[in-house]
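What follows is the residue order along each chain.
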Amino acid sequence: MSTELTISDLKDATPQQVRHAILEGRFSQPTSGLCPGYAQANLIVLPKEDAYDFLLFAQRNPKPCPLLEVTEVGARQATICASDCDIATDFPRYRIYRNGEMVEETTDVSSYWRDDLVSFVIGCSFSFESELIEAGIEMRHNTMGRNVSMYLTNIDCTPAGSMGGKMVVSMRPIPYSQVVQATQISGAIPKVHGAPIHIGDPAQIGITDLSKPDFGDPVDIKPGEVPMFWACGVTPQSIVMSSKPAFAITHAPGCMLITDTKNVSLKF
């Protein structure tokens with residue numbers, strides 16, 4: 001049996017090497033901190049009959065759903081954001097939904113693949129974390145060895161056809177003195193969610209307890225820090241749970257595709 005690798009083991013790996021480790025079953029953890037400078041991506045896979053509605057939904061909601069690639073019907077290979085990339089095997093973990101209910105979490109969805117499926121590869125805020133770290137801004141979830149904190153909000157997305165629901169956000173505590181810098185750095189990369197959608201009081205966006213995220217792990221917030229909230233690519237899972245398509249595949253929160261696309265190419 002292959003030995004499970006850690007983030008530390010892969011700290012110098014290329015995106016292709018990370019994808020191969022995932023394919024070989026040697027890495028199945030959250031991907032924050034891997035391959036600095038390269039874009040990471042969320043996923044939702046839907047039957048063709050639901051794909052147009054979601055494409056329209058993503059167009060109307062670019063903050064939580066910035067599209068990096070949409071595949072041809074039935075295709076498993078990414079061709080724009082990465083090469084040598086199988087969407088059914090190259091994410092560390094996936095979730096299977098039926099009629100809006102999660103029925104399984106798995107490391108490989110090849111057995112679920114169908115000829116009518118369309119994949120939506122969506123930019124992820126893990127991408128700009130390397131830019132923030134380079135600027136001297138701590139990513140607390142990395143420091144604590146945890147997944148990022150993610151919350152379901154009271155913010156309505158703009159509906160499209162059968163698709164509608166609430167936005168999910170990711171949260172990072174940032175010192176007051178670095179809030180403007182963090183906003184400017186992330187805002188320069190709109191294809192991976194861009195600038196935060198809320199800063200400060202979580203109750204204003206329907207979050208009652210920061211210590212109990214809906215997805216991911218809680219992190220410490222120190223005196224002198226403010227919670228900053230970015231639109232999150234887990235939003236499609238909220239939409240699936242609200243809209244209840246017969247079948248959907250998503251990534252497991254925090255377990256992203258490492259693409260070959262460099263962050264610099266996604267900037268304004």
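A brief report on the enclosed structure follows. Everything numeric here is computed off the predicted structure, so don't read it as measured data. (Residues numbered from 1 in each chain as written. Predicted model: local features only at pLDDT ≥ 70, side-chain atom pairs only at ≥ 80, totals over all residues. Heavy atoms only, no water.)

### A few points about the packing of aromatic side chains
Heads up, the rule is: The aromatic pairing rule takes the rings of Phe, Tyr and Trp, using the six-membered ring of Trp, and pairs them if the centres are within 6.5 Å, calling planes under 30 degrees apart stacked, those over 60 edge-to-face and the rest tilted. Strands here are runs of E lasting at least two residues and helices are runs of H or I lasting at least four, both read from the DSSP assignment and numbered beginning at the N terminus. For every residue, the accessible area obtained with a 1.4 Å probe (protein chains only) is divided by the maximum for its type, and the residue is called buried under 20%, exposed over 50%, and partly exposed between those limits. Here, over-ring charges are defined by two tests on the NZ atom of lysine or the CZ atom of arginine: distance to the ring centre within 6 Å, and angle to the ring normal within 35 degrees.
If you walk through the whole model with that rule in mind, you get 5 aromatic pairs. Plain terms: the ring middles of phenylalanine 54 and phenylalanine 120 are 4.9 Å apart, the flat faces sit at 65 degrees to each other, and that makes the pair edge-to-face. Here phenylalanine 120 lies in strand β5 (residues 117-123) and phenylalanine 54 lies in helix α2 (residues 48-60), a separation of 66 residues in the sequence. Residue phenylalanine 54 is classed as buried on the basis of its relative accessible area of 0%. Through a chain of ring-to-ring contacts, three or more aromatic side chains come together here, namely Phe54, Phe57 and Phe120. Across from the ring centre of tryptophan 230, 5.2 Å away, lies the NZ or CZ of arginine 172, which sits over that ring.

### Some points on the pairing of strand β1 (residues 38-47)
What counts, and what does not: When DSSP finds two or more bridges between a pair of strands, those strands are recorded as paired.
Counted residue by residue, β1 has 9 buried out of 10 residues, so it is predominantly covered. As paired strands, β1 and strand β11 (residues 257-262) are joined by 3 bridges and run antiparallel to one another. Bridge pairing in β11 places alanine 41 opposite leucine 257. As defined by bridge partners, β1 adjoins β5 across 7 bridges and the pair is classed as antiparallel. Within β5, the residue paired with alanine 41 across the bridge is glycine 123. In terms of strand pairing, β1 meets strand β10 (residues 248-251) through 2 bridges, oriented antiparallel. In the sheet register, isoleucine 44 faces β10, and the bridge partner there is threonine 250.

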